[in-house]
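# Fold and geometry: a report
This is what each chain is made of:
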Amino acid sequence: MASISFKNVTKTYDGATKPVVPNLNLEIKDKEFIILVGPSGCGKSTTLRMIAGLESVTEGELFIGDRMVNKVPPKDRDIAMVFQNYALYPHMNVYKNIAFGLNLRKEDKAEIDRRVHEAAKILDLEHLLTRKPKELSGGQRQRVALGRAMVRNPAVFLLDEPLSNLDAKLRASMRTEIAKLHQKLDITFVYVTHDQTEAMTMGDRIVVMKEGVIQQFDTPKNLYNEPVNLFVAGFIGSPQMNFLDAQIEKKGEKLYAVVGKSSLLIPEHKKQALAPYAGKMVVMGFRPEDFLTQDKLTSDNALDAEMSFSELLGADYNLYMYVNDIGVIVKVPASGEQPEKGPYQIAANMDRAHFFDKDTEMAICH
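Residues numbered from 1 in each chain as written. Predicted model: local features only at pLDDT ≥ 70, side-chain atom pairs only at ≥ 80, totals over all residues. Heavy atoms only, no water.

## Re the packing of helix H2 (residues 94-104) against helix H3 (residues 109-122)
As a reminder of what qualifies: Geometry is summarised by axes, namely lines fitted to C-alpha atoms with helices restricted to the contacting stretch, and by angles between N-to-C directions that run from 0 to 180 degrees. Per the convention used, a helix needs a DSSP run of H or I reaching at least four residues, while a strand needs a run of E reaching at least two, with both numbered from the N terminus. By the definition adopted for this analysis, an angle is roughly parallel if under 35 degrees, roughly antiparallel if over 145, roughly perpendicular if from 65 to 115, and oblique otherwise. The crossing is said to be left-handed when, going from far helix to near helix, the turn is anticlockwise and less than a right angle, and right-handed when the turn is clockwise. The contact rule is simple, with two residues in contact once any of their heavy atoms fall within 4.5 Å.
Two numbers describe how H2 lies on H3: the axes approach to 10 Å, and their chain directions differ by 135°. By the angle between their axes, H2 is oblique relative to H3. Remark: the crossing between H2 and H3 carries right-handed chirality. Across from Tyr95, Ile98, Ala99, Leu102 and Asn103 in H2, the residues of H3 making contact are Ile112, Asp113, Arg115, Val116 and His117.

Shown next as structure tokens:
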């Protein structure tokens, strides 16, 4: 059993005027793959290091399984951690690096050999066991670091930005390798990253943090489709969600979101939530892909825009535009001729529009 539970946990560094992690409550299930994500300085690595025992808990209770571990040293927590910089011993070959922790614990030599070769086979390192770290690529070094953690048979696997030193192609392949590793080991993984693409493609659930506070803890799909506030909406997604100030206006039985000279008809399923905002300003959000093709353009979904330039991404174009002097990105299929700069009308998919309270920044409806 390797669930992880934070109960009113606060972390304050000596001399600091406010906590880096204030009053954290978080329940991670046994065998889950959880991602901690957020901008630099949001407290995600501190949270991971508290699980590892590398940072002490100032207040509250931290449980791994049924055991409170506030005062338990790292070596007795049944965890293994993989760092951003691999932390390999340069004078040792791959075999000795992987076996290092087991040798420290004075495990039986035959058992060490079995575990090292088993991990090397899973990670495709068998042909590299006699090499030194300087003879390996970045991806191979990362696999050695994973192997060293694996052989300990931990209850919890902690990974702190393990792919940030790799190039884009290697990061993509290592994401797949780590996801496969989780399935094979069938233990709890907690993974820290600032890269929301990693978060969206790897985690069972994602913790989005800002200034030490959890903004939303949910599945990737729910974070993307139903962000609870403006911060989550803007942080999850690449390119990020477009935001426009809109005034809600009631005309007869219909409700419109007015942006500049454009009046966008609000669908029936959003009317009840937005009716109390009639006459008020809200923030309206669209994902770059949530625009319709030109043949679906009508007077009820047309947004006046000015295109500054376009970016070809193979199957799609990213169109960089201004709507009411606000920059937006529109993703369209790369069929036909390249769009030209100048005045434009884009068709907003109002069924996919997100609305947020301008004062509280909390979601009104999706």
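## Considerations on the sheet that holds strand E4 (residues 59-64)
What counts, and what does not: Strand pairing follows a simple DSSP-based rule, namely that at least 2 bridges must link the two strands.
Here we have 4 strands laid out as an open sheet, ordered E2-E1-E4-E5, and antiparallel in their pairing. Lying at the two open borders of the sheet, with one neighbouring strand each, are strand E2 (21-28) and strand E5 (67-68). Bridge count for strand E1 (residues 4-11) against E2 is 5 bridges, and the pairing is antiparallel. Across the sheet, the residue bridging to Ile4 is Ile28, located in E2.

## Quick look at the packing of aromatic side chains
Let me state the cut-off plainly: Each Phe, Tyr or Trp ring, with Trp reduced to its six-membered ring, pairs with another whose centre is within 6.5 Å; inter-plane angles below 30 degrees give stacked pairs, above 60 give edge-to-face pairs, and intermediate values give tilted ones. When a residue's accessible area, from a 1.4 Å probe over protein chains only, is under 20% of the maximum for its type it is buried; when over 50% it is exposed; and in between it is partly exposed. Charges are assigned to positions over rings by a cutoff of 6 Å between ring centre and Lys NZ or Arg CZ, combined with an angular limit of 35 degrees from the ring normal.
Summed over all chains, the structure comprises 8 aromatic pairs. Arranged with centres 4.6 Å apart and planes meeting at 45°, the rings of Tyr89 and Phe100 form a pair that is tilted. With Tyr89 in the loop between strand E6 (79-82) and H2 and Phe100 in helix H2, this pair connects stretches of sequence that are 11 residues apart. The class of Tyr89 is partly exposed, set by a relative accessible area of 31%. On the basis of relative accessibility, which here comes to 23%, the residue Phe100 falls in the partly exposed class. Through a chain of ring-to-ring contacts, the aromatic side chains of Phe33, Phe157, Phe189 and Tyr191 assemble into a single cluster. Positioned above the aromatic ring of Tyr277, the side-chain terminus of Lys280 is 6.0 Å from the ring centre. Sitting over the face of the ring of Tyr224, Arg287 holds its NZ or CZ atom 4.0 Å from the ring centroid.

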